[in-house]
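If you want the building blocks of each chain, they are given just below.
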Amino acid sequence: MDEDQDCEIVARLNEPMKFIFVDMDIAVLCGAVFLTMLMSGLPTFIDVAIPGGIGYLLHKSRQDKPRGYVKHWLYWYMPPMVLPMRCVPPMHCVRTAG
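No experiment lies behind these values; they were computed from the predicted model shown.

**Digging into the side chain of Asp23**
Inference 1: Take Asp23: it is sitting in strand β2 (residues 22-23).
Inference 2: Polar contacts involving the side chain of Asp23 include one to the side chain of Arg62, which spans 2.4 Å.
Inference 3: Each residue touching Asp23, except ones within four places of it in the same chain, is listed here: Pro16, Met17, Lys18 and Arg62.

This is the structure:
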């Protein structure tokens, strides 16, 4: 059955910034790792393979998860001073209240 490609329903209007086809935060992180490894003098294949692998793993780990997944994950597993959130009650209140 043919589906009309012009009638696509957009998931959300404010998509994150992209660099080519990758989210910008993953691209910046992998670019920093690439430049650091490039300056270290390793062979070119390793300079490309390791940041590419890191980017692939980050991209796959974020699939099918909501937009603020990493921020909320850091909130629950890091000390409260590292990443305080204002809309969510502090961890000790949630854990004691049950």
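That was the structure; now back to the text.
**Remarks on unusual backbone geometry**
Inference 1: Within the chain, Ile20 stands out as a residue other than glycine whose phi angle is a positive 60°.
Inference 2: The topology assignment puts Ile20 in the loop between β1 (18-19) and β2.
Inference 3: Non-glycine residue Asp64 carries a positive phi angle of around 60°.
Inference 4: Judged by relative accessible area, Asp64 falls into the exposed class, the value being 81%.

**Digging into the pattern of salt bridges**
Side chains that differ in sign of charge can pair as their charged atoms come close.
Inference 1: Counted by the stated rule, this structure contains two salt bridges.
Inference 2: The shortest N-O distance in the salt bridge between Asp23 and Arg62 comes to 2.4 Å. A residue pair is termed long-range when its members are at least 10 positions apart, and Asp23 in strand β2 and Arg62 in the loop between α2 (44-61) and α3 (69-77) qualify at 39 residues.
Inference 3: For Asp23, a relative accessible area of 10% gives the class buried.
Inference 4: Judged by its relative accessible area of 27%, Arg62 is partly exposed.
Inference 5: Ionic contacts of the salt-bridge type, sharing partners, join the residues Asp23, Asp25 and Arg62 into one network.

**Some thoughts on the environment of Gly53**
Inference 1: By secondary structure assignment, the location of Gly53 is in helix α2.
Inference 2: On the basis of relative accessibility, which here comes to 29%, the residue Gly53 falls in the partly exposed class.
Inference 3: C-alpha of Gly53 to C-alpha of Cys30: the two residues are 23 residues apart in sequence and 9.1 Å apart in space.

Rules used in this analysis
- Residues numbered from 1 in each chain as written.
- Predicted model: local features only at pLDDT ≥ 70, side-chain atom pairs only at ≥ 80, totals over all residues.
- Heavy atoms only, no water.
- Helix = DSSP H or I, 4+ residues; strand = E, 2+ residues; numbered from the N terminus.
- Polar contact = N/O pair within 3.5 Å; in protein donor to acceptor, adjacent residues only side chain to side chain.
- Contact = heavy atoms within 4.5 Å.
- Buried < 20%, exposed > 50% of the residue type's maximum accessible area, 1.4 Å probe, protein only.
- Salt bridge = Lys/Arg side-chain N within 4 Å of Asp/Glu carboxyl O.

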